[in-house]
There are 2 protein chains.
Amino acid sequence: MEKISNISLIRERVKDLKRDGKTIGFVPTMGYLHEGHLSLVDEAKKSCDVVIMSIFVNPTQFGPNEDYDSYPRDIERDEALAKSRGTDIVFYPDVKEMYPSETLTWVEVEKITGVLCGAKREGHFRGVTTVVTKLFNIVQPDIAIFGQKDAQQAAVIHKMVEDLNMNVRIKLAPIVREADGLAMSSRNVRLSTADRKNAVILSQSLFAIKEGINEGKELSKLMEKAKQVILGTPGARLDYLEARSYPDLETVHACKDRCLIAIAVYFGNVRLIDNILIENPS
Amino acid sequence: MEKISNISLIRERVKDLKRDGKTIGFVPTMGYLHEGHLSLVDEAKKSCDVVIMSIFVNPTQFGPNEDYDSYPRDIERDEALAKSRGTDIVFYPDVKEMYPSETLTWVEVEKITGVLCGAKREGHFRGVTTVVTKLFNIVQPDIAIFGQKDAQQAAVIHKMVEDLNMNVRIKLAPIVREADGLAMSSRNVRLSTADRKNAVILSQSLFAIKEGINEGKELSKLMEKAKQVILGTPGARLDYLEARSYPDLETVHACKDRCLIAIAVYFGNVRLIDNILIENPS
């Protein structure tokens, strides 16, 4: 496995790969890899000749009061994990390489970035769409893999690629969960032992809502009940629990066709998200 | 010369050209071609194997009270002119092809779009940078040629390409002028005979300022004098006359290093622009 930190070097490698007719699968990450990220590598390997993973904690997608500084980082561990799973190239630029001068240019997706996480994290998605555009332009992948864990991000990236006629196909990979159901996240390591145990409330709420919907129960009542349970969970502070159409992310009052139930909960200053996509509820 | 109106068809052609190792020079236009546009084709031919010209009057860069509807169009004449100059492919999509669904995604360059034309035409540059991004993604050129006539646009595109790590080199081509000095523009045909004659005031003002600067005269006095002359020109309504650093477009009070003198004047409802770049004034 190669590790490349320099934009002009990776451009050269990409050019060579393309000249040789190789297809490129791209897995953009912020590092501190877990099984969720590695499942994206598996997905990329299925359909592409070469897998490039980027590891870059992107400052422009963190708000001034968010956890950019405390976001966990461990490049050596990441390299070993990426290599073990068959990643061909890790692209690991520093902030100066990605933002060498004052950035004036932003890629913004309207409307669907103003709800859920976007309503709570001002400027977050603008940072995401801008850095993903930069990475796409540098890596020029045929396919890019994103996790369903960040369902809103996936919808936003999809819309951006479509609107801007970008030359890349977006593939989603399902959420990978711990044994107790907690969605894997680099932020999980920052939970206290008690909070880690209680964090199971996110996935349990989602599973309960899905079950209720399939039993024909009323969405609003299921959501209300879940909110009460979270309210009674020690250490948990609900950020949002919402039902939305997918990928348009419009408010829905009942689950029809394709519906996203998305949740965000704080434990201390650690913010966890999870979601479940319910297709054609019975 | 080929004419292609369909995005997936031009993508196929581009793919074939790239596979054959051809370099692509791109000339984005809004049509109603004149010698200014054709000089961009010449410039593209100098350094690329294949020249693709787009002809698309982009609605998203016109304000609600601007001249989108009355912007001159004549595709048959354009085709003949493009062909005569050696253009290989004309890409001529309609609005539905470029904007098939509600566009939520915008590429925005801050700061340098808030002055000169950007201060007067709200949303104009957002429309330009977004459509240029789309066209770059569709045509995937090695080099794209823009006219110095739209000096601010060139600075904005340059900054966008740099900030977003786009895989294209931007080249500028000098302003092409009529015999009396009027900068060529598709909008010139919309001038009355009297206005057409008086429109020479734009370039004359710029040339006079440049001469004055090289003679060591004070910038503010030269600008004031030019404004008075325009004020006394029948039919002319000054929109702006400004001196700015280039490409940062910051206000300057004296011309040092590289300085842009830019002007916009209305004759009736026709808005004309022109500019002159003064390098290392003597």
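Since the structure is predicted, the reported quantities are computational estimates derived from the model, not experimental observations.

Thresholds, definitions, all that
Residues numbered from 1 in each chain as written. Chains lettered and ligands numbered in written order. Predicted model: local features only at pLDDT ≥ 70, side-chain atom pairs only at ≥ 80, totals over all residues. Heavy atoms only, no water. Helix = DSSP H or I, 4+ residues; strand = E, 2+ residues; numbered from the N terminus. Rg over C-alpha atoms; globule rule 2.2 N^0.38 Å. Buried < 20%, exposed > 50% of the residue type's maximum accessible area, 1.4 Å probe, protein only. Contact = heavy atoms within 4.5 Å. Areas by Shrake-Rupley, 256 points an atom, 1.4 Å probe, with all protein chains shown as cover. Lys, Arg positive; Asp, Glu negative; His and termini not counted. Charge placed at Lys NZ, Arg CZ, Asp CG, Glu CD. Core = buried A, V, L, I, M, F, W, Y, C linked by side-chain atoms within 4.5 Å. Axes fitted to C-alpha atoms, helices over the stretch in contact; angles between N-to-C directions. Parallel < 35°, antiparallel > 145°, perpendicular 65-115°, else oblique. Left-handed = near helix turned anticlockwise from the far one by under 90°. Nonpolar A, V, L, I, M, F, W, Y, C, P; charged D, E, K, R; others polar. Salt bridge = Lys/Arg side-chain N within 4 Å of Asp/Glu carboxyl O. Buried area = accessible area lost by both parts, 1.4 Å probe. Polar contact = N/O pair within 3.5 Å; in protein donor to acceptor, adjacent residues only side chain to side chain. Domains from an automatic or database assignment. Expected span 1.5 Å × (residues − 1).

Enquirer: What am I meant to see in the overall build of chain A here?
Expert: Scanning chain A for helices and strands turns up 10 helices and 10 strands. Its C-alpha atoms give chain A a radius of gyration of 19 Å, within 12% of the compact-globule value 19 Å for 282 residues. For chain A, the spread of C-alpha atoms along the principal axes amounts to about 55 × 40 × 35 Å. With 282 residues in all, chain A has 56% of them scored as buried. Contacts in chain A between residues far apart in sequence, at least 24 positions, make up 73% of those at least 6 positions apart. Of the roughly 12,500 Å² of accessible surface on chain A, a fraction of 48% belongs to carbon and sulfur atoms. Placing the 38 positive and 40 negative side-chain charges of chain A at their respective mean positions leaves the two points 1 Å apart.

Enquirer: Can you walk me through the nonpolar core in this structure?
Expert: As a rule of thumb, soluble globular proteins bury nonpolar side chains together. In this structure, I52 and F136 of chain A together with I52 and F136 of chain B are the most contacted members of the largest nonpolar core, which totals 100 residues. Every residue in contact with I52 of chain B, bar those within four places of it in the chain, is listed here: I10, V14, I24, G25, F26, V27, I89, F91 and V139 of chain B.

Enquirer: Sorry, what's going on with the packing of helix α9 (residues 201–214) of chain B against helix α10 (residues 219–231) of chain B here?
Expert: Two quantities define a packed helix pair, namely the angle between the axes and the distance from one axis to the other. Residue and element names in this part refer to chain B. Across the interface, α9 lies against α10 with an axial gap of 10 Å and an inter-helix angle of 160°. Between α9 and α10, the angle falls in the class roughly antiparallel. Relative to α10, α9 is oriented so that their crossing is right-handed. Taken together, the residues of α10 that come into contact with α9 (itself represented by I201, S205, A208, I209, G212 and I213) are L219, L222, M223, A226, V229 and I230. Here the residues of the contact of α9 with α10 are counted per class, giving 10 nonpolar, 2 polar and no charged.

Enquirer: When you look at the packing of helix α1 (residues 7–19) of chain B against helix α6 (residues 124–139) of chain B in this model, what are you seeing that I'm missing?
Expert: All names here are of chain B. Two elements in contact, α1 and α6, have axes separated by 8 Å at closest approach and are oriented at 50°. What the angle tells us is that α1 and α6 run oblique. Seen from α1, the contacting residues are I7, I10, R11 and V14; seen from α6, they are N137, I138 and V139.

Enquirer: Just checking my understanding: could you explain the pattern of salt bridges for this structure?
Expert: Two side chains that carry opposite charge are able to pair once their charged atoms sit near each other. Per the counting criterion, the structure on display carries 45 salt bridges over all chains. Between D78 of chain B and R77 of chain B there is a salt bridge, and its shortest N-O distance comes to 3.9 Å. Residue classification places D78 of chain B among the buried positions, given a relative accessible area of 2%. Residue class for R77 of chain B comes out partly exposed when judged on its relative accessible area of 34%. Shared partners join several salt bridges into a network, and the residues in it are E35, D42 and R85 of chain A.

Enquirer: What should I look at first to understand the interface of chain B and chain A in this one?
Expert: Size of an interface, as often reported, equals the accessible area lost when the parts are brought together. Listed as interface residues are 29 residues of chain B and, on the opposing side, 29 residues of chain A. Of all residues in chain B, the largest losses of buried area upon contact with chain A belong to L104, T105 and N165 of chain B, amounting jointly to 25% of the total for that side. We note a salt bridge from K111 of chain B to E102 of chain A, for which the minimum N-O separation is 3.3 Å. Linking chain B with chain A are 32 residue pairs in polar contact (both at pLDDT 80 or more). Elements supplying a minimum of two residues to the side of chain B that touches chain A: α1, β5 (105–109), α6 and α7 (151–163) of chain B.

Enquirer: What should I look at first to understand unusual backbone geometry in this one?
Expert: Note on backbone geometry: most residues besides glycine have negative phi, and most peptide bonds are trans. Residues and elements named next belong to chain A. For the bond from Y246 to P247, the omega torsion is 5°, close enough to zero to count as cis. Despite not being glycine, N165 has its phi angle at roughly 55°, a positive value. Structurally, the position occupied by N165 is in the loop between α7 (151–163) and β7 (169–173). The buried category is assigned to N165, whose relative accessible area is 10%.

Enquirer: Just to check I follow, could you spell out the domain arrangement of chain A for this structure?
Expert: All names here are of chain A. For chain A, the domain assignment lists domain 1 (2–173) and domain 2 (186–277). On a C-alpha basis, the centres of domain 1 and domain 2 stand 26 Å from each other. Of the residues lining the interface, 24 residues belong to domain 1; the matching set on domain 2 comes to 19 residues. Three residues stand out in domain 1 for area buried against domain 2, namely L116, K120 and K149, and they jointly supply 29% of the buried area on that side. If you look at where domain 1 meets domain 2, you find 3 salt bridges. Taken together, the links from domain 1 to domain 2 amount to 8 residue pairs in polar contact (both at pLDDT 80 or more). For the side of domain 1 that touches domain 2, the element with the highest residue contribution is α7, accounting for 4 residues. Within the side of domain 1 that touches domain 2, the residues separate by chemical class into 12 nonpolar, 6 polar and 6 charged.

Enquirer: Could you clarify how one ought to interpret α6 of chain B in this entry?
Expert: Side chains that are three or four residues apart share a direction in an α-helix, a result of its 3.6 residues per turn. All names here are of chain B. Here α6 spans 22 Å end to end across 16 residues, near enough to the 22 Å set by a 1.5 Å rise per residue. Counting buried residues along α6, 15 of its 16 residues qualify, which places the element largely inside the surrounding structure. Taken from the residues just after α6, Q140 is the one with a positive phi, measuring 45°.

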